[in-house]
Amino acid sequence: MLHLGKRTFFSSGILSLFILLQVIILFPSRVEGRIINLGGSLDFSYGHIRTTQNARRDETSFIQQRYNLHNFGEIFDPRIGTFLVNGTFLTQDSKTKQSSLDQNFEFHDYSFALNLLPYISPFSLYYQRVNRANDNQVAVNNQITIRDRVTTIGGNWSLSVPRLPRLSLSYNQSELESTDDSTRLPNSLSRFFNLESSGRVRETTLIARYQFNTTDVARLSSGVQKVQGNAFNLTTESRLSSKLFLNTYSRLANRGGGNATGVTFAQERGLGASVFYTPSVLWDTHARIDYSETPGGTNATDLKRFTTFWSGSYRPTNELDMVLSARYFQFDVNDARTTSPYLDYHVNYRPFFGFSTGYGSSIGNTMTSGSGSEVDTLFHRHRTFVNYSRSLEILRYTSSYALSYGVSDTKQKGPGSPSDERSTDLMNTLSLGVENTRIRIVHVALAYTFNHVERRSRTVQDLEDQRSHVIQVNADSSYFRGIFLEEDRLQLQSTASLTHIDGFGPSGVTLLLDGRGTYYFLGGGTASLGWTHQDYPGGFFLETDVFSEEVRWTSWYGNATVTLGIRGSQTRGPDGRSLDRDTLASTSTLAYRIGKFRFNLDHQWSTDRSSGVEYGSQSIFARASRSF
């Protein structure tokens, strides 16, 4: 068993309570509002859940109680410090009839926080104890008990003095103990320490950080195993001139002892630097270099990573801008190395409003070598686009064209008979659209897209070209208002999409139709109907029709809010069996508030019938709470 000096904490708590009682007795006028500011909440919940699957039925019911009490105040004077005390108690009793499961769960949470000298040199301490207990009665003579507790202590301190580096210290310690059976949940103790300091030397800001982590885990076979790690970080931010900035970083982290993922640092050594140069609004440049390595070992992989990056942008006019960037990447995994240089150029031109065009080109090479084999891939891609849009008095037109061409050459060397591969990809895309801008009754948008793809490869069977045509129509209207009542309104939406593909891929015609209408009435009611039809090419998906309905009503009566809703959907397929599905669900909620008292009642019911199997569920939740 691992201990944290519980007697010391208990003695400190008794001493603090004695001092507090003395203050209350000797200085009663300073107690109210300065030391005693009580608050909290009481919460009671009840739930009943019933699930059915054909003839099988399961029922679960639970009762939950939650009590919370907290107090905050000042330590004589706010300049000296403040404190916060919090306590939470939760218990839940649940029973399941079908599986004969009886569960009793308890949760206790106590915490204390102290903040001292907030204006001079902030210093804070905190302590938390969480007790959890879960008793499961899974059979008549089979009871499983799980009890554990988590104890956390910590502190933070910072010091800021003019002309001296800023200093910050923090410490956290957490212990997990299994109080009923240590063989099922081994005890563990984690400690974390952080030291950070920052200062400024002329135009350079330095930030240094040291971190230490250690975890003790009680192993069943070999006692206590210690896992620890150290990490050091140094960051600099320099303003070399009004136009030149330099940032650097370095990191060193190691790990010792056993292995425990998530509780310590990874082995790492790394450093890097970034330069930003902005001489004018016409052009700027940025460069970065990074190196890191993770040393391997007997059961680990040795990793090394090196990257460099440079980019520059030039904007001679408001209508023209250009960007050029380069990158080099090297990655070593044990004896395998991957290198990849890459260069990219892009230019944009906007001669007048509504029109834009651009061109881009990129080239790169990726080579992987190791274990006597080598794979070398050279790739380059070129792209261009033209966009134009214009708005008239009642219509808006949009059009665009994009062209891209890419080539990839792969050469392989090594044992066996590796084969080379060359692939090309040429794609043309044309899009046209029109919509009305002066909307009175209905808004309609029409769009057409044509796409042509030519894809070739030597090592696989040549693919035929692909041509696709997509026609889409969207229409919506909010014109209909005051149909039956003065404030009601009807919103209509519909979409139609037709896709025709020739060549590789899902060749054939795909049709999508969707329409729905929503009616808003009496300020809190909605009623909606929807229909979706999907027809895919043969061999991919089956044709389906989905119908949906929903009615929802929300009303306010003084301090009470009532919400009623029901929704359903029906899915129909071509064969009348495999895709058919019917769902129906209803929701009823009642929320009542008077002063600080809140009462909530929620009832949900649903049924789902598919492939001859019917699922059903029904739940009732009631909650009463009061805060003070």
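Residues numbered from 1 in each chain as written. Predicted model: local features only at pLDDT ≥ 70, side-chain atom pairs only at ≥ 80, totals over all residues. Heavy atoms only, no water.

Enquirer: Can you break down the pairing of strand E22 (residues 466-477) residue by residue, with the values?
Expert: By the bridge criterion, 11 bridges tie strand E21 (residues 443-457) to E22 in an arrangement that is antiparallel. From the neighbouring strand, asparagine 451 faces E22, where its bridge partner is serine 468. Examined bridge by bridge, E22 and strand E23 (residues 489-502) share 11 bridges and lie antiparallel to one another. Its bridge partner being in E23, asparagine 474 is matched across the sheet by threonine 495. (Pairing = 2+ DSSP bridges. Helix = DSSP H or I, 4+ residues; strand = E, 2+ residues; numbered from the N terminus.)

Enquirer: Requested: an account of the confidence of the model for the protein, with residues and values cited.
Expert: Averaged over the protein, the pLDDT score is 86; the fraction of residues at 70 or greater is 87%. Scored below 50 in pLDDT, residues 1-10 makes 21 contacts in the model with residues more than four places away or belonging to other chains. (pLDDT = per-residue confidence, 0-100. Contact = heavy atoms within 4.5 Å.)

Enquirer: Tell me about the side chain of aspartate 135, and please be specific about residues and values.
Expert: Along the polypeptide, aspartate 135 turns up in strand E5 (residues 123-139). Note on aspartate 135: relative accessible area 16%, which makes it buried. A distance of 3.2 Å separates a polar atom in the side chain of aspartate 135 from a polar atom in the side chain of arginine 147. The residues touching aspartate 135, leaving out its near neighbours within four places in the chain, are Asp102, Gln103, Asn104, Gln143, Ile144, Thr145 and Arg147. (Buried < 20%, exposed > 50% of the residue type's maximum accessible area, 1.4 Å probe, protein only. Polar contact = N/O pair within 3.5 Å; in protein donor to acceptor, adjacent residues only side chain to side chain.)

Enquirer: Tell me about the pattern of salt bridges, residues and numbers included.
Expert: In the structure shown here, the tally under the stated rule is 28 salt bridges. For glutamate 550, the salt bridge goes to arginine 552, with nearest N and O atoms at 3.7 Å. According to the relative accessible area criterion, arginine 552 is partly exposed, its value standing at 28%. Linking arginine 609 and glutamate 614 is a salt bridge whose minimum nitrogen-to-oxygen distance equals 3.6 Å. (Salt bridge = Lys/Arg side-chain N within 4 Å of Asp/Glu carboxyl O.)

Enquirer: Please set out unusual backbone geometry residue by residue, giving values where relevant.
Expert: Of note, the phi angle at leucine 117 is positive, near 50 degrees, even though the residue is not glycine. Of note, leucine 117 is situated in the loop between strand E4 (101-116) and E5. Not every positive phi belongs to a glycine, and leucine 522 is a case in point at roughly 55 degrees. Relative to the helices and strands, leucine 522 resides in the loop between strand E24 (508-521) and strand E25 (525-535). Relative accessible area serves as the criterion here: at 55%, leucine 522 is assigned to the exposed category.

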